[in-house]
Structure formats: structure tokens, C-alpha cells
Amino acid sequence: MKTVKNRKDERVEVTYGVNGMMEWHAMIPVGRSVLRVHFSGGTVTGYGVTPATFTTDNPAVIYLIENSYWFRKNKIIKLQKTRV
């Protein structure tokens, strides 16, 4: 499993994307409950595809997304990682 490594004084903001979708609700199982992640803002036009995106700085959500089935199967991709 991958782990999110950041110091306590360093916050990281990560943007994830889903290609070919304008909007998508990812249902990520967490024990006996589910984490719902809302991807939005995607476009599909004759000029190209802009993926639907989701941005978070919560280390727990980052960990759950990066260890999910959808991330391992490349349905969810990491677009950008920035220090906040």
C-alpha cells in the first residue's frame, strides 16, 4: 500500500481526475461504510476532453483514494499535487 508522507507543518493539496466523465460519484468502500467522492467540471467536446476533477487537502481522504480500487485500475488519476 502507498502512504501519504508529509510533515506536520506541510499541507499537501491533491487534485484527482476522471477521464471521459463530466460528473461522477465514486463510492469508495471504507470498512462497513462508503466514502463518496464527487468529481465534477469535466467536458467532452470536439476540441478534446477535460477530466472531471476533485481537489482535497485532507490526508485521510488522500490515503483512501490512493489505496482504492478505482485508483489502482487508473479510473482515478492524480493530476496535480501542490504544497499549501
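Here the structure is a predicted model, which means the values were calculated and not measured. (Residues numbered from 1 in each chain as written. Predicted model: local features only at pLDDT ≥ 70, side-chain atom pairs only at ≥ 80, totals over all residues. Heavy atoms only, no water.)

### Notes on a nonpolar patch on the surface
Among the surface-exposed residues, Met22, Val44 and Val49 lie close enough to one another that they form a single nonpolar patch of about 290 Å² accessible area. Relative to the helices and strands, Val44 resides in strand E4 (residues 43-45). Relative accessible area serves as the criterion here: at 49%, Val44 is assigned to the partly exposed category. (Patch = residues over 30% accessible without salt bridge, like charges linked within 9 Å, V, L, I, M, F, W, Y side chains within 5 Å. Areas by Shrake-Rupley, 256 points an atom, 1.4 Å probe, with all protein chains shown as cover. Salt bridge = Lys/Arg side-chain N within 4 Å of Asp/Glu carboxyl O. Helix = DSSP H or I, 4+ residues; strand = E, 2+ residues; numbered from the N terminus. Buried < 20%, exposed > 50% of the residue type's maximum accessible area, 1.4 Å probe, protein only.)

### Regarding the sheet that holds strand E7 (residues 77-83)
The strand order E6-E1-E7 describes an open sheet built from three strands, whose pairing is antiparallel. Single-partner strands in this sheet number two, and they are strand E6 (52-56) and E7. Sheet twist, expressed as the mean angle between neighbouring strand axes with direction ignored, is 20 degrees. Where strand E1 (residues 12-18) lies against E7, six bridges are found, and the strand directions are antiparallel. Paired with Tyr16 across the strands is Lys78, a residue of E7. Together, E1, E6 and E7 form the strand contacts of helix H1 (residues 59-66), whose direction differs from that of E1 by roughly 35 degrees. (Pairing = 2+ DSSP bridges. Axes fitted to C-alpha atoms, helices over the stretch in contact; angles between N-to-C directions. Contact = heavy atoms within 4.5 Å.)

### Looking at the packing of aromatic side chains
Overall, the coordinates contain five aromatic pairs when judged by the stated rule. Ring centres 5.5 Å apart and planes at 90 degrees place the aromatic pair Trp24 and Trp70 in the edge-to-face group. Of the two residues, Trp24 is situated in strand E2 (residues 24-30) and Trp70 in helix H2 (residues 69-72); the sequence distance between them amounts to 46 residues. In this structure Trp70 comes out as partly exposed when scored by relative accessible area, which is 31%. Linked through ring pairs, Trp24, Phe39, Phe54, Tyr69 and Trp70 together constitute an aromatic cluster. The ring centre of Trp24 lies 5.2 Å from the NZ or CZ of Lys75, which sits over that ring. (Phe/Tyr/Trp six-rings, centres within 6.5 Å; stacked < 30°, edge-to-face > 60°. Lys NZ or Arg CZ within 6 Å of the ring centre and 35° of its normal.)

### Some remarks on the pattern of salt bridges
The final tally for this structure, using the stated rule, is two salt bridges. A salt bridge links Arg11 to Asp57; its shortest N-O distance comes to 2.2 Å. Here Asp57 lies in the loop between E6 and H1 and Arg11 lies in the segment before E1, a separation of 46 residues in the sequence. The partly exposed category is assigned to Asp57, whose relative accessible area is 33%. Where Glu66 meets Lys78, a salt bridge forms, and the shortest distance between an N and an O atom there is 3.0 Å. Of the two residues, Glu66 is situated in helix H1 and Lys78 in strand E7; the sequence distance between them amounts to twelve residues.

Honestly, it's all geometry; don't read function into it.
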